[in-house]
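# Results of the structural survey
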Amino acid sequence: MSSNQTLKTIIGLEIHVQLTKLKTKLFCATSADYREKKPNTHVCPVCLGLPGTLPTVNRKAVEYAIAVAKALNCEISDRLMFVRKHYFYPDLPKNYQISQYIGPGFAPIAKNGYVKIIVDGKPKIVRIRRINIEEDPGRIVYLGSIETSPYSLIDYNRSGVALLEIVTEPDIESPKEARIFLEKLIAILEYLGVTDPGLEGAFRVDANISFEGFGRVEIKNIGSIRDVEKALTYEIVRQRRIIAGGGKIERETRHWDSNKGVTISLRSKEFEEDYRYFPDPDLPPLRISKELIEQITKSLPELPDERIDRFMKQYSLDEYRATVLVLNKWLADLFETCAKHYDKYKKLADLLITDFLRWINEFNIDYKNLRLDPLQIVKLLRLWDEGTLSVKMVKELLPQIIRDGIDVEDYVKSSGYTRLADKEYLKSVVEEVFRESPKAVQDALENPKAINYLIGLVMKKTGGRADPQLVREIILSMLDKMKNTGS
Amino acid sequence: MPVHKLVEEFKIDPSKVFDYLDSLYDNIKRVENKIQSFITIIPQETLDRYVENLIKENKHRIDNLKLFGIPIAVKDNISTKGIRTTCASKMLENYVPPYNATVVEKIMREGGIIIGKTNMDEFAMGSTTETSAFYPTKNPWDTTRVPGGSSGGSATALASGEAPLALGSDTGGSIRNPASFCGVYGLKPTYGLVSRYGLIAYASSMDQIGPMARNVVDLAILLSVIAGHDPRDSTSVPFVQSVDYVQELYKLYHKEPKLRIGIIKEFFEGSEEPVKKAATKAVDLLCSYHECQEISLPFSKQIIAAYYIIAMAEASSNLARFDGVRYGMKIDFTNRSWDEAFTEVRTKGFGYEVRKRIAIGAYILSAGYRDMYYIRALKLRRVLKERFDQIFKDHDIVVSPTMPILPPRLGEFFKDPLRIYLADVNTVAANLVGIPAISIPVDFYNGLPVGLQAMAKQFSEPLLLYVAKQLEDRTGFRDILAQP
Ligand SMILES: [Zn+2]
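Nothing here was measured: the structure is a model prediction, and the numbers come from that model.

What counts and how
- Residues numbered from 1 in each chain as written.
- Chains lettered and ligands numbered in written order.
- Predicted model: local features only at pLDDT ≥ 70, side-chain atom pairs only at ≥ 80, totals over all residues.
- Heavy atoms only, no water.
- Helix = DSSP H or I, 4+ residues; strand = E, 2+ residues; numbered from the N terminus.
- Rg over C-alpha atoms; globule rule 2.2 N^0.38 Å.
- Buried < 20%, exposed > 50% of the residue type's maximum accessible area, 1.4 Å probe, protein only.
- Contact = heavy atoms within 4.5 Å.
- Areas by Shrake-Rupley, 256 points an atom, 1.4 Å probe, with all protein chains shown as cover.
- Lys, Arg positive; Asp, Glu negative; His and termini not counted.
- Charge placed at Lys NZ, Arg CZ, Asp CG, Glu CD.
- Axes fitted to C-alpha atoms, helices over the stretch in contact; angles between N-to-C directions.
- Parallel < 35°, antiparallel > 145°, perpendicular 65-115°, else oblique.
- Left-handed = near helix turned anticlockwise from the far one by under 90°.
- Nonpolar A, V, L, I, M, F, W, Y, C, P; charged D, E, K, R; others polar.
- Buried area = accessible area lost by both parts, 1.4 Å probe.
- Salt bridge = Lys/Arg side-chain N within 4 Å of Asp/Glu carboxyl O.
- Polar contact = N/O pair within 3.5 Å; in protein donor to acceptor, adjacent residues only side chain to side chain.
- Pairing = 2+ DSSP bridges.
- Core = buried A, V, L, I, M, F, W, Y, C linked by side-chain atoms within 4.5 Å.
- Domains from an automatic or database assignment.
- Donors = N, O, S within 2.8 Å, 3.2 Å for Na, K, Ca; no water.
- Tetrahedral: all angles 85-135°; square planar, octahedral: opposite > 155°, others 65-115°.
- Disulfide = S-S within 2.5 Å.
- Expected span 1.5 Å × (residues − 1).
- Arc of directions from axis to C-beta.

### Description of the overall build of chain A
A tally of regular secondary structure across chain A gives 15 helices and 16 strands. In summary, chain A has a C-alpha radius of gyration of 30 Å against a globular reference of 23 Å for 487 residues, an excess of more than 25%. Judged by the C-alpha coordinates and their principal axes, chain A covers about 100 × 55 × 50 Å. Counting the 487 residues in chain A, one finds 52% classified as buried. Within chain A, contacts between residues separated by at least 24 positions form 68% of all contacts whose residues are at least 6 apart in sequence. Working note: accessible area of chain A is about 23600 Å², and carbon and sulfur atoms make up 50% of it. When the 74 positive and 70 negative side-chain charges of chain A are each reduced to one mean point, those points stand 0 Å apart.

### So, the packing of helix 2 (residues 175-192) of chain A against helix 3 (residues 225-244) of chain A
Residues and elements named next belong to chain A. The interhelical angle for the contact between helix 2 and helix 3, taken along N-to-C directions, is 160 degrees, at an axis separation of 9 Å. For the element pair helix 2 / helix 3, the angle class is roughly antiparallel. The chirality of how helix 2 crosses helix 3 is right-handed. For the pair formed by helix 2 and helix 3, the contact residues are Pro 175, Lys 176, Ala 178, Arg 179, Leu 182, Glu 183 and Ile 186 on the first element and Ile 225, Val 228, Glu 229, Leu 232, Thr 233 and Ile 236 on the second. Of the residues in the contact of helix 2 with helix 3, the class split is eight nonpolar, one polar and four charged.

### A word on the interface of chain A and chain B
Counting residues at the interface gives 34 residues for chain A and 37 residues for chain B. Here chain A and chain B share an interface that buries about 2800 Å² over both sides, 60% of which is from carbon and sulfur atoms. Linking chain A with chain B are one salt bridge. The tally of links from chain A across to chain B stands at 19 residue pairs in polar contact (both at pLDDT 80 or more). When contributions to the side of chain A that touches chain B are tallied by element, the ones reaching two or more residues are strand 4 (83-86), strand 9 (152-155) and strand 15 (278-279) of chain A. Each residue belonging to the side of chain A that touches chain B can be placed in one class, and the counts come to 22 nonpolar, seven polar and five charged.

### Focus: the pairing of strand 9 (residues 397-401) of chain B
All names here are of chain B. Burial of strand 9 is extensive: five of the five residues sit out of reach of the surface. Relative to strand 9, strand 7 (residues 260-264) runs parallel, the two sharing three bridges. When the bridges of strand 9 are listed, Ile 261 appears paired with Ile 397. Summarising the sheet, strand 9 and strand 11 (residues 448-456) pair through five bridges and their orientation is antiparallel. Residue pairing in the sheet places Pro 401 in a bridge with Leu 452 of strand 11.

### Focus: the pattern of salt bridges
All names here are of chain A. Scanning the model with the defined rule gives 63 salt bridges over all chains in all. A salt bridge links Glu 135 to Lys 94; the shortest N-O distance between them is 2.9 Å. In this pair, Glu 135 sits in strand 7 (residues 122-135) while Lys 94 sits in the loop between strand 4 and strand 5 (96-99), placing the two residues 41 residues apart along the sequence. You can call Glu 135 buried: its relative accessible area is 6%. Measuring nitrogen to oxygen at the nearest pair gives 3.1 Å for the salt bridge that ties Arg 321 to Asp 318. The exposure class assigned to Asp 318 is partly exposed, which follows from its relative accessible area of 36%. Each of Glu 302, Arg 307, Arg 310, Lys 329, Asp 333 and Glu 336 takes part in a single network of salt bridges with overlapping partners.

### Observations regarding the nonpolar core
Among soluble globular proteins, nonpolar side chains are generally buried collectively. Residue and element names in this part refer to chain A. Leu 13, Ile 131, Phe 181 and Phe 356 are the most contacted members of the largest nonpolar core, which has 114 residues in total. When we break this core down by domain, the ones giving at least three residues each are domain 1 (4-296) and domain 2 (303-415). Apart from residues lying up to four places away in sequence, Leu 13 is in contact with Ile 166, Val 167, Thr 168, Ile 172, Ala 178, Phe 181, Leu 182, Val 205, Asp 206, Ala 207 and Val 228.

### Some remarks on the coordination of the zinc ion
Residues and elements named next belong to chain A. Taken together, Cys 28 (SG), Thr 30 (OG1), Cys 44 (SG) and Cys 47 (SG) make up the protein donors of the zinc ion, found 2.1 to 2.3 Å from the metal. Taken together, the four donor atoms surrounding the zinc ion define angles of 95 to 117 degrees at the centre, an arrangement classified as tetrahedral. Sequence positions of the residues that donate to the zinc ion give the spacing C-x1-T-x13-C-x2-C. Residue class for Cys 44 comes out buried when judged on its relative accessible area of 18%. For Cys 47, a relative accessible area of 6% corresponds to the buried category.

### Observations regarding the domain arrangement of chain A
Reports often express the size of an interface as the amount of accessible area lost when the parts come together. Each assigned domain of chain A is listed here: domain 1 (4-296), domain 2 (303-415) and domain 3 (423-485). Relative to domain 3 of chain A, the C-alpha centre of domain 1 of chain A lies at a distance of 63 Å.

### Re the state of the cysteines
Residues and elements named next belong to chain B. Summed over the entire model, instances satisfying the criterion amount to one disulfide over all chains. Each sulfur of the disulfide joining Cys 287 and Cys 292 lies 2.1 Å from the other. When the S-S torsion is -95 degrees, as for the bridge of Cys 287 with Cys 292, the disulfide is left-handed.

### So, helix 12 (residues 338-349) of chain B
Residue and element names in this part refer to chain B. The end-to-end C-alpha separation of helix 12 is 16 Å, in line with the 16 Å expected for 12 residues at 1.5 Å each. Taken together, the buried positions of helix 12 are occupied by Ala 341, Phe 342, Val 345, Arg 346 and Gly 349. Along the axis of helix 12, the buried residues cluster in a sector spanning 120 degrees; they form a single face. Check the buried side of helix 12 and you find it contacts helix 13 (352-365).

Below is the structure:
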């Protein structure tokens, strides 16, 4: 192990989340639902930044931001203040972005919060530095890649869509922690009902990563949680290699190419860019009243941490199972629907977070398109409990329920797909196995653990339909007889 | 004939609007080439058709229209749907807005007619109308002199009889300065009284659209039409419902309350002798009835500095959007980086004065200089506000000459820009503080008009109109036309 393996990794994240559940953009009445629309049809004089136009604040966006701030345990500013952040870029119609800033005379909507996560079974706090409300720029569209495109086209449909910029303190110590944090954050936002992070471009992350004592690298515009983890892992390996070779890590901005799985240098950051922040004179500070904050706090839905606690109490689940369920809100909802009809909660939870989730991923099903009668899961579990279905059969039937929507009871009846529990018949199968495999029988006589192999042979002969418990009993009694007669 | 009488005539016989337009266009033909008030004039045929429609569509409600049939000249930084709006800049030479400014909507709703777009200093940066990218406008009282600015075209259109009413915008005196130099009335309303939606911004925290007219009652009519809350402008004051300023004016006029008037010592002392004399004479008229007292407003130079710092800082931001991508000046972007293309558009599209102010403004806002300039300017702005709060505890209005100088000759501005900047000293305070201010024509010196400025506390426009009307009665400065 080289010495730099022990260097501490410091990671901070800047997350941009579109408030996709808003009806209109942040500063005008244009509909915020711009996706799949013809370019430059989802615009008005305000979000095109035409001369003379003025912004007016979308109140609902402010309420959403306050809800998010509350859920992330932040201090909320008593005044809503916007600044102009200046930089020339063609996707930015005014060549400044209306945003927020932290500093003397400025205030973001919220600051100093935290998110609790669990890493390897241990709780950890990731602090939130601040939350900004700001407007999204338009989009530059290239033919093919940016390097080879003969022209740039600009689509302003996205221009002015409400964004939250959530900035963490550099409290994250590994790519895995970053993933766990982001999963938690996304879950919180989903529970609040302010965004649909699954929508293209609704969720973008800038990740800052450095080794203690070395220059900081920013990876811009990463589009998914999985890519954040991959990009950070890539950077750690890259930077370690440079450090091991005695090199220096330059302060720079890099781009994550998710197709190639590499980060690429965009520009060095020798100079801090000067955005010439100043308060937007078109948006005088608005008071955020205690009453409003209270009212929003009161109407907050149950949040992931609360739900995890409740799952542990109400369903006697351990923290791990409760967390996996709750962070997948739809899965937790499915669990609770099933739990109304089925009270072996741990068994239900296990089925959902292992096989069920695996098949959903396997079939690449978006949970929103999942047409599943939760009662089918309940029926499946009950047939299993009754001994009508074996584990193996349960595992075989589950994907058919998910993908084909079969009715378990009907299917079992019509296919004769039931468990072999006929003792006489099974006994004859066991005798057959004993005849064919005297060596295995001998082993089993000497070592009780070897019985499993015999059970396996019986199961094979019956196509997995034999009741394994019954088979075990039969084998044990036959072995007993042999011991008694043989000695 | 004043607008308030014209409207009555038009309501009795709508066909008279056409006769009036005939005479107006005749006059425009006669004087426009001498003074060049307009950047765009709507052809008479177009207006005639527009009026025909207006009459047809409003048959049953003509009586309710405050501006029925009245042509209005609109400064060319106020957006007019379908009529190009240039800000007197090459950058926007062919820019046609797809929407109307709120004030334009309001005027049209009251039966007013947009007759043309008036010349101005480019992006309202200037006080002589000479920084216009197209041509300077001349003072109709002496065409070798400037009309003031930046709303110079609006003032000259009134003074030379090309339009009976006009809209200007005022960031540091841009309505009052040309009103004073051209011998007309001009009012900068309280910040937030009139919607800025559609006004192409120069310095957003000080810009206000305001009315200009040849007599006080007409001024009050136009103010009544344009004032009021606009949900599209977050700086527009929400509690102002529709106020009939004509009624408010007459209420005061008939009651004739005695006011406590403050006379700003420094602003008189700093004025040229002829200006001082004429203004003092007008003040004497007021003081023969009201209670007058000299007051002091020190730190004039700092006020000017603070004003220009804030204005340029905001301008550098407001004018960032002009980059040739979406509208305005087009250049060939082929094979050039964005930065190169933007730089060329902005270098070609903006005139010298605008480029200068953008550059200084960007410098002022940059890290390291922000505190030294911008933050200090904001502090001074607060101090000035407090000073005015203090003054208005003991005074209802304060008066001074509008401009400390007579209209300069064309070209003087470029020889000595600092002198012209300093000439804004009397007017910029109202914008920094956000209070209303009016310029009242009071006298001539060697054929050149002199204006008196009155300021009052926020939302005291009726008081200003009242004082103006009293002076108008005593000086007879009413509907006076220049003959260029
Ligand atoms: Zn819009």
